[in-house]
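Structural description and commentary
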Amino acid sequence: MEFKKIGAIALSAAMGITALTGCGSEAGTAANTTNTANTTNNTDTTQPAATETQDVTLKIWVPEEEVDITDQMVKNFDEAHAEFNITYEIAVVGIDEAPQALETDADTAADIFYTPSGGVGDLVGKGLLLPITKDIDQLKADLPESAINAVTVDGLTYAVPFSPNTFFMYYNKDLFTEEEVKSLDVMMAKDLGDGMWNFSTQLTNSWYAEMFFLGNGCTLFGADGQNAADCSFNDANGFAAGEYMIDLAANSKYLEDADGVGGSAFKEGKLGAVTSGAWSAPEFREALGDKVGAVALPTANIGGKDVQLSNFVDFKTITVKSNTQYPLAAQQLAVYMASSESCLTRYEKQGDVPVLLSLAESDAVKADFVASALGSQAAFATNQPSIPQMGDYWDPMKALGVGIYNKEVTRDNLQSQLDALVDSITSETF
């Protein structure tokens, strides 16, 4: 998921991660590590007495672009929490890679890490996340209900949302008009000249490919995303969506955005439009200046009717592993990393649109055309299911997209491939 884009450096396993930054309060020296055996266990959330200072070591995993921001956040946290004497180990692990690394080895995994809200239910079901109870209530009052629901399992909050996450469409104003970008078919029909591409997305990425199916009325895990045995991607609407993808992949004006080639072509002025999220705004603005525009995804003529493409929307969140040795400090820091101050810094530094209502409804954010595009697409988007079965969606859907792009999936075998897709997604129940 574009959660697959924002993790700039993916390390293969949790136990192999090297700390990039060691920072914290001035007293947080290496000597603190000798005290870890005598600190709180993962069920002790008692606040230390005011006269006591608890030695703490916290490992934090963040995407590459978050390293400098995180360094400042922990310094700010230290200034406000004299009750902790914290040594920090900050390492680069993408938001999409962290959950798998946690599952590989929870003991060596970070205490605090980023994860998409769509994977929270799966991690909770596996007993890998600690409920966030300390300091969260004051933040909940500033969160939309959709964000709270996305991280709540059986009445407990297991992650702290900080930004809505979905993709929309950037376009070059010199190549397309505001009217033309409303329809993908109109865009694809336009002649932009030799050496140019009209549109780029990621058919081979299961966080992008669903937009054709959801846009054409298919459902994943039922209308409410809660029925693990229900997926309609292989019905007539799903077949039409697959046909559209096959035609798009075969069009010489289409560029698959594999390994960032779509974004690169867009920045070079050789591509009319590309799907991406708010994280791409700084580099696109730097490359194209006033030429870059951002809008919701276009309509597409699928199965003979124009439909609004609909993608997943979820939230970027901060989580705490269930077996952390320092649950109190870890919870409080996780909440602070999603606070108004921290979210405003992310927005200013890297374009992450804040989910907090007090910031999202501010004049500055409302005036941002990227934030506006994200909000417009979110209105068309489908809430990403958070049930554990969602973990069975990603690989089969990716395989279908890869097969379509490589011309291994054709109209002749499309139905059988869709049937296999649905069987893979729904075959295991929890």
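We now turn to the structure provided with this report. (Residues numbered from 1 in each chain as written. Predicted model: local features only at pLDDT ≥ 70, side-chain atom pairs only at ≥ 80, totals over all residues. Heavy atoms only, no water.)

As for the pattern of salt bridges
- For the structure on display, the rule yields 13 salt bridges.
- Between Lys126 and Asp122 there is a salt bridge; the shortest N-O distance is 3.2 Å.
- Measuring nitrogen to oxygen at the nearest pair gives 2.9 Å for the salt bridge that ties Arg411 to Asp247. Within this pair, whereas Arg411 is found in the loop between helix H17 (394-405) and helix H18 (414-426), its partner Asp247 is found in helix H9 (residues 236-250), the two being separated by 164 residues in sequence.
- Residue Arg411 is classed as partly exposed on the basis of its relative accessible area, which comes to 40%.
- Bridged by salt links that share partners, the residues Glu103, Asp122 and Lys126 form one connected network. (Salt bridge = Lys/Arg side-chain N within 4 Å of Asp/Glu carboxyl O. Helix = DSSP H or I, 4+ residues; strand = E, 2+ residues; numbered from the N terminus. Buried < 20%, exposed > 50% of the residue type's maximum accessible area, 1.4 Å probe, protein only.)

Points about unusual backbone geometry
- At Asp135, a residue that is not glycine, the phi angle is positive and equals roughly 70°.
- With respect to the helices and strands, Asp135 occurs in the loop between helix H4 (120-125) and helix H5 (136-140).
- What makes Asp135 partly exposed here is its relative accessible area of 27%.
- Positioned with a positive phi, Lys407 is a non-glycine residue whose angle comes to about 65°.
- Mapped onto the secondary structure, Lys407 falls in the loop between H17 and H18.

Observations concerning the packing of aromatic side chains
- One pass over the full model with this rule turns up 16 aromatic pairs.
- With 4.8 Å between their ring centres and 5° between their planes, Phe213 and Phe233 make a pair best called stacked. Here Phe213 is found in helix H8 (residues 210-215), whereas its partner Phe233 is found in the loop between H8 and H9, with 20 residues between them in sequence.
- By way of ring pairs, the aromatic residues Phe167, Trp207, Tyr208 and Trp279 are connected into one cluster.
- Its guanidinium or amino end placed over the ring of Phe162, Arg346 lies 4.2 Å from that ring's centre, counting from NZ or CZ. (Phe/Tyr/Trp six-rings, centres within 6.5 Å; stacked < 30°, edge-to-face > 60°. Lys NZ or Arg CZ within 6 Å of the ring centre and 35° of its normal.)

Some points on the pairing of strand S14 (residues 312-320)
- Where burial is concerned, most of S14 is hidden: 9 out of the 9 residues are buried.
- In the sheet, strand S3 (residues 112-116) pairs with S14 via 5 bridges, with the strands oriented antiparallel. Paired with Thr115 across the strands is Thr317, a residue of S14.
- Judged from the 5 bridges that link them, strand S6 (residues 160-165) and S14 form a sheet pairing that is antiparallel. Note on S14: the bridge partner recorded for Ser163 is Lys316. (Pairing = 2+ DSSP bridges.)

Some details on the nonpolar core
- Core analysis: the largest hydrophobic core is formed by 55 residues, its most contacted members being Phe199, Phe212, Phe213, Leu220, Phe233 and Tyr393.
- Those elements that place two or more of their residues in this core are strand S7 (168-172), helix H7 (184-189), H8, H9, strand S12 (299-302), H17 and H18.
- Tallying contributions element by element places H9 first for this core, with 7 residues.
- When near neighbours in sequence (up to four residues on either side) are disregarded, Phe213 contacts Cys218, Phe233, Gly238, Ala241, Gly242, Met245, Met397, Leu400 and Leu418. (Core = buried A, V, L, I, M, F, W, Y, C linked by side-chain atoms within 4.5 Å. Contact = heavy atoms within 4.5 Å.)

Points about the sheet that holds strand S8 (residues 197-201)
- Taken in spatial order, the 5 strands line up as S9-S8-S10-S7-S11 in an open sheet, and their pairing is mixed. Lying at the two open borders of the sheet, with one neighbouring strand each, are strand S9 (254-256) and strand S11 (292-295). Direction aside, neighbouring strands of the sheet carry axes that sit 25° apart on average.
- Along the sheet face, helix H16 (residues 369-380) touches S7 and S11 and points at about 25° away from the line of S11. (Axes fitted to C-alpha atoms, helices over the stretch in contact; angles between N-to-C directions.)

Here's the deal with the side chain of Ser339
- Within the element layout of this structure, Ser339 appears in the loop between helix H12 (327-336) and helix H13 (340-350).
- One polar contact links the side chain of Ser339 to the main-chain carbonyl oxygen of Tyr336, over a distance of 2.7 Å.
- Setting aside residues no more than four positions away along its own chain, Ser339 makes contact with Leu139 and Leu356. (Polar contact = N/O pair within 3.5 Å; in protein donor to acceptor, adjacent residues only side chain to side chain.)

Things to note about the packing of H17 against H18
- Relative to each other, H17 and H18 sit at 165°, their axes nearing to 8 Å. With respect to their mutual orientation, H17 and H18 come out roughly antiparallel. Judged by the twist between their axes, the crossing of H17 over H18 is right-handed. Contact residues: Pro396, Met397 and Leu400 in H17; Gln417, Leu418, Leu421, Ser424 and Ile425 in H18.
- In the contact of H17 with H18, the residues fall into 6 nonpolar, 2 polar and no charged. (Parallel < 35°, antiparallel > 145°, perpendicular 65-115°, else oblique. Left-handed = near helix turned anticlockwise from the far one by under 90°. Nonpolar A, V, L, I, M, F, W, Y, C, P; charged D, E, K, R; others polar.)

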